[in-house]
There are 2 protein chains.
Amino acid sequence: MNTVKSKTPTLTDVKKAYNRIRPYIRNTPVHTSGTLNKDLKAEVFFKCENFQKTGSFKIRGACNVIYSLSDEDAAKGVCTHSSGNHAQALAFAALSRKINAIIVMPENASSVKINAVAGYGGDIRFCEPTQEAREAVCSEIQQETGAVFVPPFNDNRIIAGQGTASLELLSDYPELDMILTPVGGGGLLGGTAIAAKGINPKAKVIGTEPEMANDAYLSFKEGMIIPVDNPATIADGLKTSLGELTFAAISDHVFDIVTVSEKSIIDAMRYVWERMKIIIEPSSAVPVAALMSGSMDIRNKRIGIIISGGNVSLDQLPWDKQ
Amino acid sequence: MNTVKSKTPTLTDVKKAYNRIRPYIRNTPVHTSGTLNKDLKAEVFFKCENFQKTGSFKIRGACNVIYSLSDEDAAKGVCTHSSGNHAQALAFAALSRKINAIIVMPENASSVKINAVAGYGGDIRFCEPTQEAREAVCSEIQQETGAVFVPPFNDNRIIAGQGTASLELLSDYPELDMILTPVGGGGLLGGTAIAAKGINPKAKVIGTEPEMANDAYLSFKEGMIIPVDNPATIADGLKTSLGELTFAAISDHVFDIVTVSEKSIIDAMRYVWERMKIIIEPSSAVPVAALMSGSMDIRNKRIGIIISGGNVSLDQLPWDKQ
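The text that follows walks through the structure, step by step, so that each part is easy to find.

Cut-offs applied
- Residue numbers here run from 1 along each chain, matching the order of that chain's written sequence.
- Written order determines the labels here, with chains lettered from A and ligands numbered from 1.
- pLDDT decides what is reported in this predicted model: residues at 70 or higher carry local features, side-chain atom pairs at 80 or more are listed and counted, and totals for whole chains, interfaces and linings draw on all residues regardless.
- Excluded from the side-chain calculations are hydrogens and water; all other atoms, namely the structure's heavy atoms, are used.
- By the criteria applied, helices consist of DSSP H or I runs no shorter than four residues and strands consist of E runs no shorter than two, each listed in order from the N terminus.
- In this setup the radius of gyration rests on C-alpha atoms only. A globule is expected at 2.2 Å times the number of residues raised to 0.38.
- In this description, contact between two residues means that some pair of their heavy atoms is separated by no more than 4.5 Å.
- For every accessible area listed, the method is Shrake-Rupley and the probe measures 1.4 Å; residues are considered covered only by the protein chains on display.
- Charge assignment in this entry is limited to Lys and Arg as positive and Asp and Glu as negative, and neither His nor the chain termini are counted.
- All charge positions are set by atom: Lys at NZ, Arg at CZ, Asp at CG, Glu at CD.
- Here the expected length of a helix is defined as 1.5 Å per residue gap, with one fewer gap than residues.
- Note on exposure labels: buried denotes an accessible area under 20% of the residue type's maximum, exposed denotes more than 50%, and partly exposed covers the range between, all computed with a 1.4 Å probe on protein chains only.
- Take the buried Ala, Val, Leu, Ile, Met, Phe, Trp, Tyr and Cys residues and link them wherever side-chain atoms come within 4.5 Å; each set so joined is a nonpolar core.
- We superpose the copies by least squares over the C-alpha atoms of residues that have a pLDDT of at least 70 in both of them.
- A simple way to read buried area is as the amount of 1.4 Å-probe accessible surface that goes missing from two parts once joined, with both sides added.
- When a carboxyl oxygen of Asp or Glu is within 4 Å of a side-chain nitrogen of Lys or Arg, the pair counts as a salt bridge.
- In the analysis that follows, any N or O atom pair within 3.5 Å is treated as a polar contact, provided that within protein one partner can donate a hydrogen and the other can accept it, and provided that, for residues neighboring in sequence, both atoms belong to side chains.
- Note that Gly is not counted as nonpolar here; it falls among the polar residues with everything else outside the nonpolar set of Ala, Val, Leu, Ile, Met, Phe, Trp, Tyr, Cys and Pro and the charged set of Asp, Glu, Lys and Arg.
- Any two strands are treated as partners once DSSP identifies two or more bridges connecting them.
- The axes are straight lines fitted to the C-alpha atoms, using for helices just the contacting stretch, and the angles between their N-to-C directions are given from 0 to 180°.
- A clockwise turn of the near helix away from the far one marks a right-handed crossing, whereas an anticlockwise turn of less than a right angle marks a left-handed crossing.
- Only Phe, Tyr and Trp rings take part, Trp by its six-membered ring, and two of them pair if their centres are within 6.5 Å. Stacked means planes under 30 degrees apart, edge-to-face means over 60, and tilted covers everything else.

## Section: the overall build of chain A
Within chain A, the secondary structure is distributed over 14 helices and 10 strands. Against the compact-globule benchmark of 20 Å for 322 residues, chain A has a radius of gyration of 18 Å, which places it among compact chains. A fraction of 73% describes how many contacts in chain A between residues 6 or more apart in sequence connect residues 24 or more apart. Summing over all exposed atoms, chain A offers an accessible surface of approximately 12,700 Å²; the carbon and sulfur share of this is 48%. One way to put it: in chain A the 33 positive side-chain charges average out to a point 8 Å from where the 35 negative ones average out.

See the structure below:
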């Protein structure tokens, strides 16, 4: 892994990232719902990264890495292994700088995801669907080509890039009491917490996680990284465990982490589709589920949510199985 | 019917409607898609009335009627018959003025729609699911209560109200070459054409209609109203035929009407859900299908589309049947 051990990024790093990436990303809109606000007796602001280029916030971190590279490094191209939003994001970001991106994907990845990566010009290499195979193939490619490995979350450039979503949100709504994000590998939560702490320390940043993939919750409570293996959650973007760098950022700046049930995720996702007419992926429904659970003190609060993405297969919706 | 025969509304009427309704409606956002623009070699601007209050543009016309009423008339309440978006819109508009709305709905209306109307405080009366029964029950209620009948489209106040969506669109994007809308009863198409002709006569307004419910197409071509009975189209909002007043507005100001196949509607709807992450109802996919059909000369054009609404049952999506 090319990750560099260094201290947690700061608001300055997030601002630098923003200046670097803003020509290549979308300043996504903020949506609200009168019905939801009435139901929750709170004011909720949805930062809609589902409308971001490639359909998720991941483009922010990917662009920050791509546009941090020297011309010499960039000429060698980049590589990663991912079956999710990071794969599309890196392919798109590389395309925007006209450099090569090799994406190692498990051979059982869905055709929708494969097509999306191919559509952004990603050079796809298939591997067996195990973590070991993914890392091994990626490592071989690095050695052969000199391509720069771009990790999905455990990298300070990625963390700073993901924090730019909150930079935009707090620029529009500086007086938030809380900001909620989902937490998988922790890049989005870490970056959000860094940005919020720097801009408005009163805005409590809270991570939200499926009960079935509660590694960040456990790690946060215990003060040490406690990974979970292959968790079974509908929120497919949140199956990964924290890395050292994201854990450090989260430990330093996050107020709390809460968990939600699988059923509550599906219910919240459907609520948002039906009432707000926006397509969010299951991972993005996790913070909404946390608000709707009734377990948090949110009355009369102003709450931001980072809606992480909208990449979901329309052929199999979670409520079809219920 | 309380409709009044009078000359077609003008841009002034649309502007007056806008001043009347703007405190009660949402100035909806305009979305774009880089992928769609690339596919079509055009620039398309989606005026997102799916994000409008009650999930469709219908609130604009309903509010224009509600807030045109004298206090004396308003005190008697309003009534309509509808199983669609007009029912929700009128209930919501009446609630905002704190007056009573009696909504006659067919007894086989979907529970989603019944719940939505009830949720906005509508006083629902069920009737047999025939046009005759709906009109008869509504007429009885008018006689008993003195409630003011609010028609869904064939009314100049409704037409002027629906035109306000284009007023907003053209205020943000004055230089459009075309504006496309779906056409059912013709209130939206008529109002759009009046607004566009007044603001930017170069912007051609084009109605788009399912082949299976092509009454507006036939009427426009023949110069006389040619209704269709109970057409079988997935675009459930477009089954109604033109009325005299909407036909007059359309004849005067619309550039053309084009039709699209059922399959193309479903494909366009899915494309928008997948790529743009917004939920649009089948009726709103009709103008998108027209653009994607390849039969129109749209190269390098700037095109506005009124996305009419987002009210769709998530339990049965059209592509599930394919």
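## Regarding helix α5 (residues 85-96) of chain A
Residue and element names in this part refer to chain A. End to end, α5 covers 17 Å across 12 residues, agreeing with the expected 16 Å (1.5 Å per residue, within 8%). The element α5 is extensively covered by neighbouring structure, given that 10 of its 12 residues are classed as buried. Contact partners of the buried residues in α5: α3 (58-66), β3 (78-81), β4 (101-106), α6 (111-119) and α8 (156-162).

## Notes on unusual backbone geometry
All names here are of chain A. Positioned with a positive phi, Lys41 is a non-glycine residue whose angle comes to about 55 degrees. By the secondary structure assignment, Lys41 is in the loop between α2 (34-40) and β2 (43-48). Given a relative accessible area of 45%, Lys41 falls into the partly exposed group.

## Section: the nonpolar core
The biggest cluster of nonpolar side chains holds 79 residues, and the ones touching the most others in it are Phe46, Leu180 and Trp273 of chain A together with Phe46, Leu180 and Trp273 of chain B. Beyond its immediate chain neighbours, meaning those up to four positions away, Leu180 of chain A contacts Ile206, Thr208, Pro287, Ala290, Leu291, Met296, Ile303, Gly304, Ile305 and Ile306 of chain A.

## A word on the relation of the copies chain B and chain A
The transform that puts chain B on chain A rotates by 180 degrees and translates by 0.0 Å along the axis, for an RMSD of 0.0 Å. Such a combination of rotation and displacement between the chain copies is what one expects of a two-fold axis. Within chain B, the C-alpha atom positioned nearest to the axis of rotation is that of Ile278 of chain B, 2.3 Å from it. Most of the interface of chain B is mirrored in chain A, where 100% of its interface residues are also at the interface.

## Overview of the interface of chain B and chain A
Contacts between the two partners involve 21 residues from chain B, matched on the other side by 21 residues from chain A. Where chain B abuts chain A, roughly 1,700 Å² becomes buried across the two surfaces, and 52% of that area is made up of carbon and sulfur atoms. Among the residues of chain B in contact with chain A, Lys277, Ile279 and Leu314 of chain B are the three that bury the most area, contributing 37% of the side total. Counting across the interface, chain B meets chain A through 2 salt bridges. We note a salt bridge from Arg270 of chain B to Asp315 of chain A, for which the minimum N-O separation is 2.9 Å. Between chain B and chain A we count 10 residue pairs in polar contact (both at pLDDT 80 or more) in total. Ranked by residues supplied to the side of chain B that touches chain A, first place goes to helix α13 (residues 262-276) of chain B with 4 residues. A breakdown of the residues in the side of chain B that touches chain A according to their chemical character gives 9 nonpolar, 7 polar and 5 charged.

## Some points on the sheet that holds β2 of chain A
Residues and elements named next belong to chain A. Strands sit in the order β1-β2-β10-β7-β8-β9 across an open sheet of 6 strands; the sheet is mixed. Of all the strands in the sheet, the pair left with one neighbour each is β1 (30-31) and β9 (256-260). Those strands touched by helix α13 (residues 262-276) are β1, β2, β8 (204-210) and β9, and its axis lies near 90 degrees from that of β9.

## Describing the pattern of salt bridges
Should their charged atoms come close, side chains of opposite charge can pair. All names here are of chain A. Taken as a whole and assessed by the stated rule, the structure comprises 26 salt bridges over all chains. Here Lys47 and Glu168 are joined by a salt bridge, their closest N and O atoms 2.7 Å apart. Here Lys47, found in strand β2, pairs with Glu168, found in helix α9 (residues 164-172); they are 121 residues apart in sequence, far enough to count as distant. Several salt bridges converge on common partners, so that one network encompasses Lys47, Glu49, Arg60 and Glu168.

## Brief notes about the packing of α9 of chain A against helix α10 (residues 187-199) of chain A
All names here are of chain A. Running from N to C, α9 and α10 point in directions that differ by 35 degrees, and their axes come no closer than 7 Å. Read as a crossing pair, α9 and α10 show a hand that is right-handed. Along its contact with α9, which presents Ser166, Leu167 and Leu170, the element α10 presents Thr192, Ala195, Ala196 and Ile199.

## Overview of the packing of aromatic side chains
Enumeration according to the criterion identifies 9 aromatic pairs over all chains in this entry. Seen in terms of ring centroids, Tyr24 of chain A and Tyr67 of chain A are 3.9 Å apart; in terms of plane orientation they differ by 5 degrees. Their pairing is stacked. With Tyr24 of chain A in the loop between α1 (11-21) and β1 and Tyr67 of chain A in the loop between α3 and α4 (71-75), this pair connects stretches of sequence that are 43 residues apart. We classify Tyr67 of chain A as buried; its relative accessible area is 17%. Pairing Phe45 of chain B with Tyr173 of chain B gives two aromatic rings, centres 4.4 Å apart and planes at 35 degrees, and the pair type is tilted. Of the two residues, Phe45 of chain B sits in strand β2 (residues 43-48) while Tyr173 of chain B sits in the loop between α9 (164-172) and β7 (178-182), which places them 128 residues apart along the sequence. Residue Phe45 of chain B is classed as buried on the basis of its relative accessible area, which comes to 5%. Taken together through their ring pairs, the aromatic side chains of Trp273 and Trp319 of chain A together with Trp273 and Trp319 of chain B make up a single cluster.

## Some thoughts on the environment of Glu135 of chain B
Residue and element names in this part refer to chain B. As for its placement among the helices and strands, Glu135 is situated in helix α7 (residues 131-145). A residue is classified by how much of its surface remains accessible, and Glu135, at 37% relative accessible area, is partly exposed. Once the C-alpha coordinates of Glu135 and Val104 are considered, the two residues, 31 residues apart in sequence, prove to be 8.7 Å apart.

## Considering the environment of Ser284 of chain A
All names here are of chain A. In this structure, Ser284 sits in helix α14 (residues 282-292). The class for Ser284 is buried, based on a relative accessible area of 0%. Taking the C-alpha atoms as reference points, Ser284 and Pro318, separated by 34 residues in sequence, lie 14 Å from one another. Ignoring anything within four residues of it in the chain, the contact list for Ser284 reads Ile307, Ser308 and Gly309.

All we've got here are geometric facts, nothing functional implied.
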